[in-house]
Each structure stands twice: as C-alpha cells, then as structure tokens.
Amino acid sequence: MKLITEIMEEKALPIVDKIYNDGFIQGLIRADLSKEAVEHYLKADALYLENFSDIYAMLLAKSNDKAEKNFFLDQINFVLNEEIAAHKNLADYVGRDYQEIIKGGEWYPSADHYIKHMYYNAFAFGMAETLSAMAPCPWIYQMVARKILANHDLAEDHPLKFWVEFYADGLVDEVLSEYHKIINREAEFMSEEGKQRLIKNFLESCEHERRFFNMAYTQEHWGLEV
Ligand SMILES: Cc1ncc(CN)c(N)n1
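Residues numbered from 1 in each chain as written. Predicted model: local features only at pLDDT ≥ 70, side-chain atom pairs only at ≥ 80, totals over all residues. Heavy atoms only, no water.

Q: Go over the overall build of the protein chain, please, and point to the residues and values.
A: From N to C terminus, the protein chain includes twelve helices and zero strands. Listing the helices and strands of the protein chain from first to last along the sequence gives α-α-α-α-α-α-α-α-α-α-α-α. For 226 residues, the compact-globule estimate of 2.2 N^0.38 gives 17 Å, and the C-alpha radius of gyration of the protein chain, at 17 Å, lies within 12% of that figure. Dimensions of the protein chain along its principal axes, counting C-alpha atoms only, are 50 × 40 × 35 Å. When contacts within the protein chain are restricted to residue pairs at least 6 apart in sequence, those whose partners lie at least 24 apart make up 81%. Taken as a whole, the protein chain presents about 10800 Å² of accessible surface, with 53% of it coming from carbon and sulfur. (Helix = DSSP H or I, 4+ residues; strand = E, 2+ residues; numbered from the N terminus. Rg over C-alpha atoms; globule rule 2.2 N^0.38 Å. Contact = heavy atoms within 4.5 Å. Areas by Shrake-Rupley, 256 points an atom, 1.4 Å probe, with all protein chains shown as cover.)

And the structure:
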C-alpha cells in the first residue's frame, strides 16, 4: 500500500518538468534572467516566506508534541533567517541592495492565491491538510534544483550557482521526511475523501509554485490599484 505522500509526489512529477522548462528556470540556468523578473520574484518571495513562517507558527501552537514543536521552531528560523542567503544571491545577480529591492513588494495575484490556499487550510482544516499545501515549497525547489544540476554542469563563476546548490542541498531531505511522517500519520485516521484533499492540496500548491515563477517572469501585477 503506497503512502499518501508517495502518491502525491508521484502525481506531481509532470509539474516539476513544466517548471523546469518555463522561462524563469531556463533564464536562471542561462544566467540571462531579466533583473525585472528577479526583483519581482524577491519582492513577492520576501512576503511569501514571512507568511510561510507565520503558518508554521500556527502549526507550532496546534501541536501537542514537543519534538514536533521544535521542528516547526527550527523551520521558522530557517525560513526567516537562513533562506535569506538564497535571496541575497539573487540580489547580487541584480547588483542592488536586497532590502532596497524588496521595498514596495505586495501579494501579486498568483502569490496571493498561493498564500491564501495555505492559510485557508490552516484555518479551516488540520495539520496534515496544511502541511500538504506547504510541502511543495521545499519539495518543488529541491526537485527543480537537482534537475538543473543533473542536466547542467554550471560553471564555478555561474552567478546563480549558489541559489541552485542551496535548494538542491540534502538538508531538505530531513525537512521533507518530517513532513511525510506527520502527513502519513494523520492520513491513517482519515476517510478516502480526507486523503483525496491532502493530495489535491499538494498538487494545487505545485501548480501555485509554477504560477509563482511565471508571475515573476512576467512581472504580474493586479489590474487595478488594489
Ligand atoms: C514561492 C516559494 N516556494 C518555495 C520556496 C523555497 N522554500 C520559496 N522560497 N518560495
């Protein structure tokens, strides 16, 4: 009997290829990604990661297991204080100060939809539904980064090699195995409908990841002043 997390990741593999072949990642590989696309990504992603850590804080409060609470605590620290290294690599590529770049950022439409998908599950459902919607965040980036390294021998002086290696890093394996542990444990007590929701949450967030990259590549904005 396959684990629910194995099923969701298997079903999502085609989206990994689509993201890999879309403009943002191809531009990153060629190191000809426009500065506008990178700045737009950073403006949106700084806010995305802030909200991602807030949702982790909600899960920390929901948990009644100290080891689990410490996992969420570690992840809050990683997202708030360590992932900024990947952002700084992108800011160096643009050649501007990171804090300057992210000023004036907002939840552009695709980022807004993604963030609200996670919050909806955090407020309306439980930990497994929320983590299923959050899991593509580490998983997609690791899969895409590893696919880049498998298909390209990035030169030592490639300006975005750090970004790729940061996300391809094995550290993510430990994070994902904790996600898998919690999701698969909770799924044991769920109806078929409940399990289908976990899979749907994961696949929708994989699609949100694709839209997030394309949002930056096209500098997507709201049509009207929101
Ligand atoms: C939108 C998004 N998704 C995933 C990641 C990688 N943690 C990120 N920084 N931003």
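Q: So what about the packing of aromatic side chains? Which residues, and what values?
A: Going through the model one piece at a time under the given rule, you end up with 21 aromatic pairs. With centroids separated by 5.0 Å and ring planes inclined at 45 degrees, the aromatic side chains of tyrosine 48 and tyrosine 114 adopt a geometry described as tilted. Highlighted residues: tyrosine 48 in helix H3 (residues 35-62) and tyrosine 114 in helix H7 (residues 109-124), separated in sequence by 66 residues. When sorted by exposure, tyrosine 48 lands in the same class as tyrosine 114, which is buried. Over the ring of tyrosine 93 we find lysine 35; its NZ or CZ atom is 5.8 Å from the centre of that ring. Positioned over the ring face of tyrosine 20 is lysine 147, at 5.1 Å from the centre of the ring. (Phe/Tyr/Trp six-rings, centres within 6.5 Å; stacked < 30°, edge-to-face > 60°. Buried < 20%, exposed > 50% of the residue type's maximum accessible area, 1.4 Å probe, protein only. Lys NZ or Arg CZ within 6 Å of the ring centre and 35° of its normal.)

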